[in-house]
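Descriptive structure summary
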Amino acid sequence: ETRGAVGMPVGSPKRTILRRTAVRATLHRMTAAASEQRRSQLLRGVLDLCLLSVVEDEPAYGYEMTKRLRARGLSIVGEGSIYPLLGRLEREGLVETHRAVSNGGPPRKYYRASDAGRMALAAGIAEWQTARDAVDAVLGLTATEVAA
């Protein structure tokens, strides 16, 4: 009788079940990782718009922005990933900054959308809606075709 790496006879029903379970778990992890990566890639193109949106009416510092994003359903964004974008938005004149004292720590840098930032946000929202509608139309057609 030949035994495999898990000590069970090769071809046994129990070994087959274990192998299927391991394959399913691996595929699930791979699918979850791919899904997370796809979400991250999609978000990368519009995160600057999201940041402008959360500081359009009221200034915020970095951590506060991530809390606002999470409150609006965007929990994938970490505080560290927004600072390079904020620096670019500041260099492009789309946000204005000021420093204010914090409770017991160093002064915080607050960001607010500038007039140019508000105009860029409005244009970006229109572009996003056009792209989203086009993708929805394609994916909606695909879902209908698959269901038929």
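See above for the structure.
Note that the structure is a prediction, hence the values are computed from the model and not measured. (Residues numbered from 1 in each chain as written. Predicted model: local features only at pLDDT ≥ 70, side-chain atom pairs only at ≥ 80, totals over all residues. Heavy atoms only, no water.)

A closer look at the overall build of the protein chain
In terms of helices and strands, the protein chain carries 5 helices and 2 strands. Ordered by position from the N terminus, the helices and strands of the protein chain form the series α-α-α-α-β-β-α. Per-residue burial for the protein chain yields a buried fraction of 24% across its 148 residues. Contacts in the protein chain between residues at least 24 apart in sequence constitute 41% of all its contacts with a sequence separation of at least 6. When the accessible surface of the protein chain is totalled, it reaches about 10,200 Å², and 58% of it is carbon and sulfur. (Helix = DSSP H or I, 4+ residues; strand = E, 2+ residues; numbered from the N terminus. Buried < 20%, exposed > 50% of the residue type's maximum accessible area, 1.4 Å probe, protein only. Contact = heavy atoms within 4.5 Å. Areas by Shrake-Rupley, 256 points an atom, 1.4 Å probe, with all protein chains shown as cover.)

Looking at the nonpolar core
If you look at the biggest cluster of nonpolar residues, it comprises 21 residues, and the most contacted ones within it are L47, L51, L52, M65, I82, L86 and L89. Secondary-structure elements contributing two or more residues to this core are α2 (47-54), α3 (62-71), α4 (79-91) and β2 (108-113). Among the elements that line this core, the one with the most residues is α2, at 5 residues. If we ignore the near neighbours within four places in the chain, the residues touching L47 are L69, L74, V77, I82 and L85. (Core = buried A, V, L, I, M, F, W, Y, C linked by side-chain atoms within 4.5 Å.)

Observations regarding α4
In this model α4 runs 19 Å from its N-terminal to its C-terminal C-alpha over 13 residues, within 8% of the 18 Å that 1.5 Å per residue would give. Within the sequence span of α4, burial applies to I82, L85, L86, G87 and L89. Along its buried surface, α4 packs onto α2, α3, β1 (95-100) and β2. Directly after α4, the chain includes G93, whose backbone phi takes a positive value near 75 degrees. (Expected span 1.5 Å × (residues − 1).)

A short note on the pattern of salt bridges
Taken as a whole and judged by the stated rule, the model has 7 salt bridges. One salt bridge connects E58 with R68, and the closest N-O pair in it is separated by 3.9 Å. In this pair, E58 is assigned in the loop between α2 and α3 and R68 in helix α3, connecting sequence segments 10 residues apart. Each member of the salt-bridge network shares a partner with another, and the members are D48, R88 and E92. (Salt bridge = Lys/Arg side-chain N within 4 Å of Asp/Glu carboxyl O.)

Looking at α2
The buried fraction of α2 amounts to 6 of the 8 residues, a majority that puts the element mostly inside the structure. Looking at α2, one finds that the buried residues are L47, D48, L49, L51, L52 and V54.

Let's talk about a nonpolar patch on the surface
A contiguous nonpolar patch, built from V135, V138 and L139 and spanning about 270 Å² of accessible area, is present on the exposed surface. Inspection of the secondary structure puts L139 in helix α5 (residues 115-147). (Patch = residues over 30% accessible without salt bridge, like charges linked within 9 Å, V, L, I, M, F, W, Y side chains within 5 Å.)

Some words on the packing of α2 against α3
Viewed as axis vectors pointing N to C, α2 and α3 meet at an angle of 100 degrees, and their least axial separation amounts to 10 Å. Our classification of the angle between α2 and α3 gives roughly perpendicular. Contacts between α2 and α3 involve L47, C50, L51 and V54 on the former and, on the latter, M65, R68 and L69. (Axes fitted to C-alpha atoms, helices over the stretch in contact; angles between N-to-C directions. Parallel < 35°, antiparallel > 145°, perpendicular 65-115°, else oblique.)

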